[in-house]
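Residue-level structural notes
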Amino acid sequence: YLSFLHEAVKVNPRVRVIGLTATPYRMTTGHLCGPDNILNEICFEVGIQPLIDAGFLCPLISKNGEGRADTSGLHKRGGEFIAAEAQELMNESLLVMRACSDIIDKSADRNKTLIFCCGVEHAENVVNTLADSYGVRAGIVTGDTPAAERAELIEQFKTGAMEYLVNVNVLTVGFDAPNIDCIVLLRPTCSAGLYYQMCGRG
């Protein structure tokens, strides 16, 4: 894209680029708009609350779970919790049992529930607990899930064959399933950008 735009400017010095995004901040590069970026001026922006008030977004209802993890002992690297430590904490058996109980209880009147976990082992534990303790089938998508299998699981989730989908570092940016009406955050984060991206899937 950069090469194309540089060439476009040569052809027409008056060329203008307009960018539209729901997430103007990236965890790796920061704000998309800046004096030295392709996008250097914000022409229009609107917040979540006005969009909810206007009926374009559904109102958010936050429900805390009964089981709470104490993240005070977790170390940080690059401003974020160290992944292995977060997974070890969140994958504790009693915490997973309580989390799954909360999921079943609080999503009873929901259509589709997307669950964010800390790591593959944590996600597998959540999926197995939902199946073994509650008879609930949940799909699991990770970075190692083969593309065809991932596509099939997402299709089942979107079309109604599966009500719960657990993921690890996959379904944050660019994933859209309008029937999602419940987001479960079993992954603690210090990143406002990541938090916004996870919550924005619903």
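These notes cover the structure that comes with them. (Residues numbered from 1 in each chain as written. Predicted model: local features only at pLDDT ≥ 70, side-chain atom pairs only at ≥ 80, totals over all residues. Heavy atoms only, no water.)

**With respect to the sheet that holds strand β7 (residues 164-167)**
Which entries qualify depends on this criterion: When DSSP finds two or more bridges between a pair of strands, those strands are recorded as paired. Where helices and strands are cited, they refer to DSSP runs of H or I of at least four residues and of E of at least two residues respectively, numbered from the N terminus. Only the contacting stretch of a helix is used when fitting its axis, a line to C-alpha atoms as for every element, and angles between N-to-C directions run 0 to 180 degrees. Any two residues whose heavy atoms approach within 4.5 Å at even a single point are treated as in contact.
In space, the four strands of this open sheet follow the order β6-β7-β5-β8, with parallel pairing throughout. Bordering the open sheet on either side are β6 (138-141) and β8 (180-185), each of which pairs with just one other strand. Direction aside, the axes of adjacent strands within the sheet are offset by 20° on average. As defined by bridge partners, strand β5 (residues 112-116) adjoins β8 across five bridges and the pair is classed as parallel. Bridging from a neighbouring strand, L114 pairs with I183 of β8. In the packing of helix α5 (residues 120-134) onto the sheet, the strands contacted are β5, β6 and β7, and the crossing angle to β6 comes to about 170°.

**Some details on a nonpolar patch on the surface**
The criterion, for reference: Residues with no salt bridge and a relative accessible area higher than 30% make up the patches, which join like charges within 9 Å and nonpolar side chains (Val, Leu, Ile, Met, Phe, Trp, Tyr) within 5 Å. Note on areas: Shrake-Rupley with a 1.4 Å probe; residue coverage comes only from the protein chains shown. Definition used for salt bridges: Asp or Glu carboxyl oxygen within 4 Å of a side-chain nitrogen of Lys or Arg.
Together, I48, F56, L57 and L60 line one region of the surface with nonpolar side chains, adding up to about 440 Å² of accessible area. Within the element layout of this structure, F56 appears in the loop between α2 (48-53) and β3 (76-77).

**Points about the packing of helix α4 (residues 93-106) against α5**
Defined as follows: Should an angle lie under 35 degrees it is considered roughly parallel, over 145 roughly antiparallel, and from 65 to 115 roughly perpendicular; all remaining angles are considered oblique. A clockwise turn of the near helix away from the far one marks a right-handed crossing, whereas an anticlockwise turn of less than a right angle marks a left-handed crossing.
It is at 10 Å that the axes of α4 and α5 come closest, and there the two elements cross at 60°. With respect to each other, α4 and α5 are oriented oblique. In this structure, α4 meets α5 at a crossing whose hand is right-handed. Across from V96, M97, C100, S101, I103 and I104 in α4, the residues of α5 making contact are H122, N125, V126, T129, L130, S133 and Y134.

**Structural notes on the layout of surface pockets**
Here is the rule we go by: Here a cavity is any set of points on a 1 Å grid over the protein atoms alone where a 1.4 Å probe fits but cannot get out, and a pocket is any open set with protein on both sides within 12 Å along at least 5 of 7 lines; a residue lines the site when it has an atom within 4 Å of a point. Grid points are joined across faces, edges and corners, and a volume is the space filled by probe spheres set on the points. Residues were grouped as follows: Ala, Val, Leu, Ile, Met, Phe, Trp, Tyr, Cys and Pro as nonpolar; Asp, Glu, Lys and Arg as charged; and all remaining residues, including Gly, as polar.
Considered as a void within the structure, the second largest pocket measures approximately 150 Å³ in volume. Along its surface, the second largest pocket is lined by Y1, L2, L5, L32, N37, I38 and L39. Class assignment for the residues of the lining of the second largest pocket results in six nonpolar, one polar and no charged.

**What to know about the side chain of D102**
Keep this limit in mind: Each residue gets one of three labels from its accessible area relative to the maximum for its type: buried under 20%, exposed over 50%, partly exposed in between, using a 1.4 Å probe on protein chains only. Two residue types count as positive, namely Lys and Arg, and two as negative, namely Asp and Glu; His and chain ends fall outside the count.
Relative to the elements of secondary structure, D102 occurs in helix α4. No salt bridge is formed by the buried D102; the nearest opposite charge belongs to K106, separated by 4.9 Å. Filtering out sequence-adjacent residues up to four positions away, D102 remains in contact with G65, E66, G67 and S107.

**What about the nonpolar core?**
The condition that has to hold: Remark: nonpolar core denotes a set of buried residues (Ala, Val, Leu, Ile, Met, Phe, Trp, Tyr, Cys) joined through side-chain atoms within 4.5 Å.
Counting 24 residues, the largest nonpolar core has I103, I115, C117, V126, L130, V166 and L186 as the members making the most contacts within it. Breaking this core down by element, the ones donating at least two residues are α3 (83-90), α4, α5, β7 and β8. Element by element, the count of residues in this core is highest for α4, at five residues. The contacts of I115, once residues within four sequence positions are left out, are I103, L130, Y164, L165, V166, N167, V184 and L186. Membership of the second largest hydrophobic core comes to 15 residues, among which are F116, I154, M162 and L194.

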